[in-house]
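Analysis of the macromolecular model
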Amino acid sequence: MKPTPRQLEQIDRQIRRILASGSYFAQVYREAGVTGCKSYDDFLEIPFSEKADLRHAYPLGIMVPPQEEIVRIHSSSGTTGMPVIIPYTAKDVSDWAEQFARCYRFAGITEKDRIQITPGYGLWTAGIGFQAGCERLGAMAIPMGPGNTEKQLQMMVDLQSTVITATSSYALLLAEEVEKRGLLPKLALKRGVIGSEMWGEKKREAIAEKLQIELFDIYGLTEIYGPGIGINCPGQRGMHIWDDFIFTEIVDPATGEPVEDGESGEIVLTTLVKEGAPLLRFRTHDLSRIIPETCPVCGSSHPMIDVVRGRSDDMFKVHGVNLFPSQVEDILAKVDGTGGEYRITIAHDDERKKDVMLLTVEAEGRVDFSQTTLAIQDTFKSMTGASAKVTVVPVGTLPRSEKKTKRVTDLREV
Ligand code: ZN
């Protein structure tokens, strides 16, 4: 996808603001000879930005306006050491709320809804984004934050929440508790807005069925406002990305070259109007593709990306084969009775001088675990060419997390 003339103008303005500010990226662009953006060729000359840049610029090196215009910061921790700080102006905060409110509207949520917010509040962008979007929409926010499942269920019943917002893992935990306690007839839930991690079809079905709700995936990352820069329409999985705020490209993760619309690659995002910390060509490491068609549901012209199916940095290599957690999910989707939760552990067998991959999978009590084990092993081998040692455990055995769940543990790194 190429930027429209209007988007090129906006990007050009961003570059001029950055260069005038003397910020970290002003130096990067000066060194790269970037002076503006009048054409797609100019755009392609803009160097990618990465999380590593934001770490180098820690704490406020990417800030563009004078500090008195900054009204808030957010931070993402990431898995390796130093956090990243993102400064927001009042307009950034407002633009984010506007985008998030649009997400709720696309999901059919109105000011009559009661939105129970379980993502965390604080430095992380999650809870506060769900809250600001809810207030902008005019719905009733129930700002629970994470944890305290007893209280979550009580509020869900007493306040008759109509929307639950959560990570997929926490939504599944709540769904399982609702089922266990037979609470479904007492609930008024209609929709779930799920953010911030990959989740497979099985998990989606389990949550939707146990809570009898329609589910929506919200997209976003702390570096680019936070969750709320896109969401899917009812009944289909592609997510619209708000192209009045964000320009989306898909590039080959290995070469950085843009791919044709429809082909898979890494999502790279450019903020068009962000003031506090504008980021151009930011590599998300999320893997997806542009869906090159007009939305059959709403007809909106906001471009659609497919469900995020993995992260380029989640890729792991076993027996010389590159694998993604999303492939494991695709395999499990083919095996009857598997519950959606799984863990992968990779270790090195020193004696036999080879890597071993251990796959622990949850399955429902109605299926034969030894047959399920064999079925997973066979499917895994035929779909990836790699072998896995499979252990099947009952649904509910693996830990549920309120935050992002780490599904792959590589003991070879230790
Ligand atoms: Zn649509």
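Report on the accompanying structure.

What counts and what doesn't
- Residues numbered from 1 in each chain as written.
- Predicted model: local features only at pLDDT ≥ 70, side-chain atom pairs only at ≥ 80, totals over all residues.
- Heavy atoms only, no water.
- Helix = DSSP H or I, 4+ residues; strand = E, 2+ residues; numbered from the N terminus.
- Contact = heavy atoms within 4.5 Å.
- Areas by Shrake-Rupley, 256 points an atom, 1.4 Å probe, with all protein chains shown as cover.
- Donors = N, O, S within 2.8 Å, 3.2 Å for Na, K, Ca; no water.
- Tetrahedral: all angles 85-135°; square planar, octahedral: opposite > 155°, others 65-115°.
- Buried < 20%, exposed > 50% of the residue type's maximum accessible area, 1.4 Å probe, protein only.
- Pairing = 2+ DSSP bridges.
- Axes fitted to C-alpha atoms, helices over the stretch in contact; angles between N-to-C directions.
- Phe/Tyr/Trp six-rings, centres within 6.5 Å; stacked < 30°, edge-to-face > 60°.
- Polar contact = N/O pair within 3.5 Å; in protein donor to acceptor, adjacent residues only side chain to side chain.
- Core = buried A, V, L, I, M, F, W, Y, C linked by side-chain atoms within 4.5 Å.
- Patch = residues over 30% accessible without salt bridge, like charges linked within 9 Å, V, L, I, M, F, W, Y side chains within 5 Å.
- Salt bridge = Lys/Arg side-chain N within 4 Å of Asp/Glu carboxyl O.
- Expected span 1.5 Å × (residues − 1).
- Arc of directions from axis to C-beta.

Next up on the list: the overall build of the protein chain. Helices and strands together make up the secondary structure of the protein chain, namely 11 helices and 19 strands. Seen through its principal axes, the protein chain has C-alpha atoms that stretch 65 × 60 × 40 Å. Considering only contacts in the protein chain between residues 6 or more positions apart, those separated by 24 or more positions represent 65%. Working note: accessible area of the protein chain is about 17900 Å², and carbon and sulfur atoms make up 51% of it.

This part takes up the coordination of the zinc ion. Within the first shell, the zinc ion binds the protein through Cys233 (SG), His240 (NE2), Cys295 (SG) and Cys298 (SG), at distances of 2.1 to 2.3 Å. Taken together, the 4 donor atoms coordinating the zinc ion and their angles of 102 to 127 degrees define a geometry best described as tetrahedral. Expressed as a motif, the donor residue spacing for the zinc ion is C-x6-H-x54-C-x2-C. Here Cys295 lies in the loop between strand E12 (282-291) and strand E13 (304-305) and His240 lies in strand E9 (residues 239-241), a separation of 55 residues in the sequence. The same class applies to His240 and to Cys295, which are both buried.

Taken in spatial order, the 4 strands of this open sheet run E18-E17-E16-E19, and their pairing is mixed. Both edges of this open sheet fall to strand E18 (389-394) and strand E19 (408-410), since each of them pairs with a single strand only. Across the sheet, the mean angle from the axis of one strand to that of its neighbour is 15 degrees, orientation sign disregarded.

Before going further, it helps to examine the packing of aromatic side chains. What the rule picks out here adds up to 9 aromatic pairs. Ring centres 4.8 Å apart and planes at 65 degrees place the aromatic pair Phe106 and Trp242 in the edge-to-face group. Taken together, the positions of Phe106 in helix H5 (residues 90-106) and Trp242 in the loop between E9 and strand E10 (246-251) put the pair 136 residues apart, joining distant regions of the chain. Trp242 sits in the buried class, given a relative accessible area of 0%.

Burial runs high along E12: 9 of the 10 residues are buried. Sheet analysis places strand E11 (residues 264-271) next to E12, joined by 5 bridges and oriented antiparallel. Its bridge partner being in E12, Val268 is matched across the sheet by Arg283. Sheet topology note: the E12/E13 ladder contains 2 bridges and is antiparallel. In the strand pairing of E13, Ile290 is matched with Ile305.

The subject of this paragraph is the sheet that holds strand E4 (residues 140-143). Reading across the sheet, the 11 strands line up as E4-E3-E5-E6-E7-E8-E9-E13-E12-E11-E10 and stay open at both edges, with mixed pairing between neighbours. At either margin of the open sheet sits one strand with a lone partner, and together these are E4 and E10. Pairing of strand E3 (residues 114-117) with strand E5 (residues 163-166) involves 3 bridges; the strand directions are parallel. Bridging across to E5, Ile115 finds its partner in Val163.

Let us look at the side chain of Lys202. Turning to its location among the elements, Lys202 is positioned in helix H9 (residues 201-211). Within polar-contact distance, the side chain of Lys202 engages the backbone oxygen of Val335 at 3.0 Å. Those residues within four positions of Lys202 in sequence are excluded, and the remaining contacts are Leu332, Ala333, Val335, Asp336, Gly337, Thr338, Gly339 and Gly340.

Next up on the list: the environment of Met1. By the secondary structure assignment, Met1 is in the segment before helix H1 (5-21). Since its relative accessible area comes to 30%, Met1 is described here as partly exposed. Residues Met1 and Phe247, spaced 246 residues apart in sequence, show a C-alpha to C-alpha distance of 8.9 Å. If sequence neighbours within four positions are ignored, Met1 has contacts with Tyr40, Phe247, Thr248, Asp261, Ile290 and Pro303.

Take the nonpolar core next. With 63 residues, the main nonpolar core has Ile46, Tyr104, Tyr219 and Ile224 as its most contacted residues. Top element by residues in this core is H5. It accounts for 6 residues. Residues in contact with Ile46, not counting those within four places in the same chain, are Ile11, Ile15, Tyr29, Val34, Cys37, Leu280 and Arg281.

What follows is about a nonpolar patch on the surface. Together, Leu60, Ile73 and Leu123 line one region of the surface with nonpolar side chains, adding up to about 240 Å² of accessible area. Looking at the secondary structure, you find Leu60 in the loop between helix H4 (51-56) and strand E1 (70-76).

Between its first and last C-alpha atoms helix H11 (residues 369-384) spans 22 Å; for 16 residues at 1.5 Å apiece the expected length is 22 Å, and the two agree. When H11 is considered as a whole, its buried residues turn out to be Thr372, Thr373, Ile376, Thr379, Phe380 and Thr384. Buried residues along H11 cover an arc of 140 degrees about the axis, so they all sit on one side. Of the exposed residues in H11, the ones pointing more than 90 degrees away from its buried face are Gln371, Asp378 and Ser382.

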